[in-house]
Amino acid sequence: MGISLPEIDSERPVLIAGPTASGKSALALEIADTSGGIIVNADALQVYDTWNVLTARPDAADLARAQHLLYGHVGQFESYSVGHWLRETAPLLQGPKRPIIVGGTGLYFTALTEGLVEIPAVPDSVRRHGNDLQTAEMLAALDPDTAARIDTANPARVQRAWEVQQATGTGLAEWQSRTPPPLLPLSQAQALVIDAPKDWLSPRIDRRFDMMLEAGALEEARANLDTWDPTLPSSRAIGAPELIAYLRGEMTLEDARTAAQIATRQYAKRQRTWFRARMKTWNILSMAG
């Protein structure tokens, strides 16, 4: 894979973060094969049962090699937050098998290793109002501390911060200042983050989307066409809006393919930015260029 791994012991939990298409799932399987453990999903889109191919969930061969948990277990219309994920992950940290936690959602890892405050649920009416606003409108309404802290290039993060502020009257930054101790301090884990250079990763992203099309991504989109709702978190699977647009006759398949590949590369860039800013003390695994 082009990765030089540090020595991995068989007792402590393993954390593997990396941008999409960087090979982190294969790395998790390699570690499970050599030193044991169960693989636990830390990807906010792979939790949904709606998209299998398009979110690159483990296939039958992967599932046969190691036990995988928290994949595809949430319904299309269900809400699922980092708080839900933490509550489901907590008992897995107690054994009997050590977890190998792998994914591309940086917020999950940060919450796990740095702690997460329990913020009151946001009413549906506030969420619906946010769905009708532009990202720039919500960003302008945020308190300065929150605006300085969140990833303002991520519309979902901006909307979440806006919803919390609207629903509670308190900014997200203030809520986060009340954060309790983490479930898994970084010192108790083997934390690995894949550094995948753009020139190496972009061709992999493009090839993988073509492989997804060959594996049935378009048929998967067709199965979701009648229930498609772009405001649902489950609809944020990269490539889903583009394939739905093609099926509705709004663009050609080639244009949808190109747009999805561009969207995936942009997503990977946001992931790399997060990892470099928030995971400086993790073991960095550099991919061969």
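Just above sits the structure.
The shown structure was predicted, so the numbers you read here are calculated from the model rather than taken from an experiment.

Enquirer: I'm lost on the overall build of the protein in this one. Help?
Expert: Within the protein, the secondary structure is distributed over 13 helices and 6 strands. At 19 Å, the protein has a C-alpha radius of gyration in line with the 19 Å of a compact globule built from 289 residues. Its C-alpha atoms give the protein principal-axis dimensions of roughly 50 × 50 × 35 Å. The burial tally for the protein puts 47% of its 289 residues in the buried class. Counting contacts in the protein only where the partners sit at least 6 residues apart, residues at least 24 apart contribute 78% of the total. Put simply, the protein shows about 14000 Å² of open surface, and 51% of that area lies on carbon and sulfur atoms.

Enquirer: Is there a simple way to think about the packing of aromatic side chains in this case?
Expert: Between two aromatic rings, the relevant description is the distance of the centres plus the angle of the planes. For the coordinates displayed, the defined rule picks out 3 aromatic pairs. When the ring of Trp85 is compared with that of Tyr108, the centres are 4.7 Å apart and the planes differ by 20 degrees; the resulting orientation is stacked. With Trp85 in helix α3 (residues 82-89) and Tyr108 in helix α4 (residues 106-114), this pair connects stretches of sequence that are 23 residues apart. Judged by its relative accessible area of 4%, Tyr108 is buried. Pairing Phe109 with Trp282 gives two aromatic rings, centres 5.5 Å apart and planes at 85 degrees, and the pair type is edge-to-face. A residue pair is termed long-range when its members are at least 10 positions apart, and Phe109 in helix α4 and Trp282 in the loop between α13 (253-278) and β6 (283-286) qualify at 173 residues. Of the residues examined, Trp282 reaches a relative accessible area of 6% and is grouped as buried. Across the ring face of Trp175, the terminal group of Arg178 is positioned such that the distance to the ring centre comes to 4.7 Å.

Enquirer: What is the right way to look at the nonpolar core in this model?
Expert: Generally speaking, soluble globular proteins have nonpolar side chains that are buried together. One finds Leu15, Trp85, Ile101, Phe109, Leu112, Met279 and Trp282 to be the most contacted residues of the largest nonpolar core, which totals 28 residues. Considering each element in turn, this core owes the most residues, 4 residues, to α4. Apart from residues lying up to four places away in sequence, Leu15 is in contact with Ile101, Phe109, Leu112, Thr113, Leu184, Leu186, Ala189, Gln190, Ala191, Leu192 and Trp282. Leu27, Leu29, Tyr71 and Val102 belong to the second-largest nonpolar core, a separate cluster that totals 23 residues.

Enquirer: Can you help me understand the environment of Ala221 in this one?
Expert: With respect to the helices and strands, Ala221 occurs in helix α11 (residues 217-223). Between the C-alpha atom of Ala221 and that of Gln94, which follows or precedes it by 127 residues, the distance is 38 Å. In this view, Ala221 contacts Trp51, Leu243, Ile244 and Leu247; residues no more than four positions away in its chain are not counted.

Enquirer: It is not clear to me how the sheet that holds strand β5 (residues 190-195) should be interpreted in this structure. Could you clarify?
Expert: Adjacent strands of a sheet pair through backbone hydrogen bonds, lying either parallel or antiparallel. Across the sheet, 6 strands lie side by side as β3-β2-β4-β1-β5-β6; this open sheet has parallel pairing. Where the open sheet ends on each side, the last strands, each with one partner, are β3 (68-69) and β6. Bridge count between strand β1 (residues 14-17) and β5: 4 bridges; the pairing is parallel. Bridge pairing in β5 places Ile16 opposite Leu192. Each of β1, β2 (38-41), β3, β4 (99-103), β5 and β6 touches helix α1 (residues 24-35); the most contacted strand, β4, lies at about 170 degrees to it.

Enquirer: When you look at the side chain of Thr89 in this model, what are you seeing that I'm missing?
Expert: Inspection of the secondary structure puts Thr89 in helix α3. For Thr89, a relative accessible area of 1% corresponds to the buried category. Thr89 has contacts with Leu70, Ile101 and Leu112, leaving out every residue within four places of it along the chain.

Enquirer: Would you explain α4 in this entry?
Expert: Every α-helix carries 3.6 residues per turn, so stepping three or four residues along brings you back to the same face. Here α4 lies mainly inside the structure; 7 of its 9 residues are buried. Among the residues making up α4, those that are buried are Gly106, Tyr108, Phe109, Thr110, Ala111, Leu112 and Thr113. Elements in contact with the buried residues of α4: β1, α3, β4 and α13.

Cut-offs used in this document
Residues numbered from 1 in each chain as written. Predicted model: local features only at pLDDT ≥ 70, side-chain atom pairs only at ≥ 80, totals over all residues. Heavy atoms only, no water. Helix = DSSP H or I, 4+ residues; strand = E, 2+ residues; numbered from the N terminus. Rg over C-alpha atoms; globule rule 2.2 N^0.38 Å. Buried < 20%, exposed > 50% of the residue type's maximum accessible area, 1.4 Å probe, protein only. Contact = heavy atoms within 4.5 Å. Areas by Shrake-Rupley, 256 points an atom, 1.4 Å probe, with all protein chains shown as cover. Phe/Tyr/Trp six-rings, centres within 6.5 Å; stacked < 30°, edge-to-face > 60°. Lys NZ or Arg CZ within 6 Å of the ring centre and 35° of its normal. Core = buried A, V, L, I, M, F, W, Y, C linked by side-chain atoms within 4.5 Å. Pairing = 2+ DSSP bridges. Axes fitted to C-alpha atoms, helices over the stretch in contact; angles between N-to-C directions.

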